[in-house]
Structure formats: C-alpha cells, structure tokens
Amino acid sequence: MRILVFDFYGKMAHFRKFYTNSSSLSYYFPPRTTIIGLIAGLLGYERDTYYELFSPENTKITLSIRSPLRKIIQMINYVWADDVKYLNASKGQHTQVPFEIIFPQNIKENVCYRIFFFHRNEDILNALEEKIKNYTFCFPPYLGVTEFVGNIEFVGKGSMEKNEENRVILDSIISVDYIKNRTINLETYPGAQYIKEKMPFSFDKYRMLKDPPREYIGEIKTSKIVLRGKIDYYKIKINESTIYNVVFMED
C-alpha cells in the first residue's frame, strides 16, 4: 500500500487539551482530529465537511516526534468582552490566562512532527502530494493556533507492509489500548522520556465525538519507543535505506 510521509514543523506549538478549562494546557503532539484538520486545510476542504471522508475506516494516520520537546507556561492577555461592542478592547479590561506552549529543546531548532498518512482513495493521496511538493496549500498550516505559523515539507512516498516481531524499536506514537490488548511491555531506552496523552479520536458529520477519547504514549526526547511482546506493526519504506517502524493511531 502507498503512503505519504511529510514533516509538519514550526518554532512553537499549542494543541489545547479538550478537558482544560481556564488554563490552556497543551498536548505534546497533535491529536488525530488536528492532523485531519491540517490535511483538509491543505487540500482546501471547507470547515466541518470532511470528518466522514477521513474516518478511521478510510484513513490510517500516525506521527513521529522528530525534535526533543519541552513545555513552558506564559500568561497571555485576553480582551474582556461581554458584548460585541467591546471586541475592539475599548472597555480597557483584560483577563490573564496561563497558556502552555511546546518548544524544541534547542531554541535554534523547530518543533517537528513526521506525519504518515494513508487513504483508500488514491486521488486524495495524489492531490495532497502535489499540494505539498508545489507548496500550493489552500490554507496555510499552523501548529494548533493561528499565531504559531508552521510549514510542511515532503519527505517521500513510501510503501508499507505488515510485520510481526517479539521486540521492536518503534518510530511512532502508540495507543495504550494497543499495548493492553496485546499484553505488550514497554522497555526503557537510553535518554527516553515517555509521556501519555488522552485526546479526541474522531468526529461524526455533526462534529460530535464519534468514538471515546483515546490515550496515546509518545516519546519526547529520542522519538523511539521500545516494545517487547507479540507486536504486529507496519514497516514504512521510503527507499531501500530509509525504514520506519510504526503503529497507526487507528490500530
């Protein structure tokens, strides 16, 4: 099966957690729903028109965290407006909100995620490949909020095949359900820092949650997750010398 691989990167990111309230906390990596929104924006689909097209039955998506990450919290000022006439800030009141931001470990580098995307419809893959290669995006990419402008870079068009092994060094994030259902163990890896995030998975056509939120494990320092057990996963080959071991978010 054919798969597209591209990098999604920028200087900083914020992917707001759905259960946060007055404090704007962020995931370390974008949820599946955010990645779908990104791809739909690149292709030019109108808001809320693409959820069924990119349903788990039609797509396979996962990501690799390519830059060591850290978080900081900054206070930002929101305009205090209880009526539309105060949106120009003329009322002179503000409210301060803690805002969590994702940065690269090295400030001279970028926050970078490598996206692996498969769709049953070849026309969608071809259209996305053309948009990315030619930088002809319909809507500009951003990392969670419009102020954090991002960029997209084509990595390659690969093939994927299913494999099974007893020990795998994974390049992608992985769902907690996948680990529990297969009695798989996580192993330590030099310098690794595993984190767990609970995030939305998919919407129906009315932008209501179609499935319950899922928990995912990511590694934010080395991008490697070591698994031991009966592991079925995918090998992604970009060329003969570049191979990634991944598990998709839908698995």
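Now for a quick tour of the structure. (Residues numbered from 1 in each chain as written. Predicted model: local features only at pLDDT ≥ 70, side-chain atom pairs only at ≥ 80, totals over all residues. Heavy atoms only, no water.)

Tallied over the full model, the rule gives 16 salt bridges. Between R2 and E122 there is a salt bridge whose closest N-O contact spans 2.8 Å. Pair noted here: R2 is in strand 1 (residues 2-10) and E122 is in helix 2 (residues 122-134), with a separation of 120 residues, a long-range link. In this structure E122 comes out as partly exposed when scored by relative accessible area, which is 40%. E187 is the partner of R228 in a salt bridge, and the nearest nitrogen-oxygen pair spans 2.3 Å. In this pair, R228 is assigned in strand 13 (residues 225-239) and E187 in strand 10 (residues 185-187), connecting sequence segments 41 residues apart. When its relative accessible area of 41% is taken as the criterion, R228 is described as partly exposed. (Salt bridge = Lys/Arg side-chain N within 4 Å of Asp/Glu carboxyl O. Helix = DSSP H or I, 4+ residues; strand = E, 2+ residues; numbered from the N terminus. Buried < 20%, exposed > 50% of the residue type's maximum accessible area, 1.4 Å probe, protein only.)

This part takes up the nonpolar core. By size, the foremost hydrophobic cluster in this structure holds 46 residues, and its most contacted members are F6, F29, F54, Y113, F117 and L128. Within the residue set of this core, elements represented by two or more residues are strand 1, helix 1 (32-43), strand 4 (59-65), strand 6 (94-104), strand 7 (111-119), helix 2 and strand 11 (194-199). Counting residues per element, this core draws most heavily on helix 1, which supplies seven residues. Discounting residues that sit within four places of it in the chain, F54 has contacts with R32, I36, I39, A40, L43, Y45, T59, F117, H119 and I124. Residues V168, I174, I179 and I184 belong to the second largest nonpolar core, which totals 13 residues. (Core = buried A, V, L, I, M, F, W, Y, C linked by side-chain atoms within 4.5 Å. Contact = heavy atoms within 4.5 Å.)

What follows covers the sheet that holds strand 9 (residues 174-175). If you trace the three strands from one edge of the open sheet to the other, you get 9-12-11, paired in antiparallel fashion. Of all strands in the sheet, those bounded by a partner on one side alone are strand 9 and strand 11. For strand 9 and strand 12 (residues 214-219), the ladder comprises two bridges, and the chain directions are antiparallel. In the sheet register, S175 faces strand 12, and the bridge partner there is Y216. (Pairing = 2+ DSSP bridges.)

Another point: the side chain of S175. If you trace the backbone, S175 turns up in strand 9. One polar contact links the side chain of S175 to the main-chain amide nitrogen of Y178, over a distance of 3.1 Å. S175 has contacts with E215, Y216 and D251, leaving out every residue within four places of it along the chain. (Polar contact = N/O pair within 3.5 Å; in protein donor to acceptor, adjacent residues only side chain to side chain.)

Across the nine residues that make up strand 1, a large majority, eight, are buried. Examined bridge by bridge, strand 1 and strand 7 share seven bridges and lie antiparallel to one another. Each residue of the ladder has a partner; that of F6, found in strand 7, is I115.

In this model, helix 2 (13 residues) spans 18 Å end to end at C-alpha, consistent with the 18 Å of a helix rising 1.5 Å per residue. Turning to helix 2, its buried residues are I124, L125, L128, E129 and I132. For helix 2, the buried positions fall inside an angular range of 130 degrees around the axis, keeping them on one side. Opposite the buried face of helix 2, by more than 90 degrees, sit the exposed residues D123 and E130. Of the surrounding elements, those touching the buried residues of helix 2 are strand 1, helix 1, strand 7 and strand 8 (150-170). Of the residues flanking the start of helix 2, the one acting as N-cap is N121, its side-chain oxygen 2.8 Å from the backbone nitrogen of D123. Positive backbone phi, at 55 degrees, marks Y135, one or two positions downstream of helix 2. (Expected span 1.5 Å × (residues − 1). Arc of directions from axis to C-beta.)

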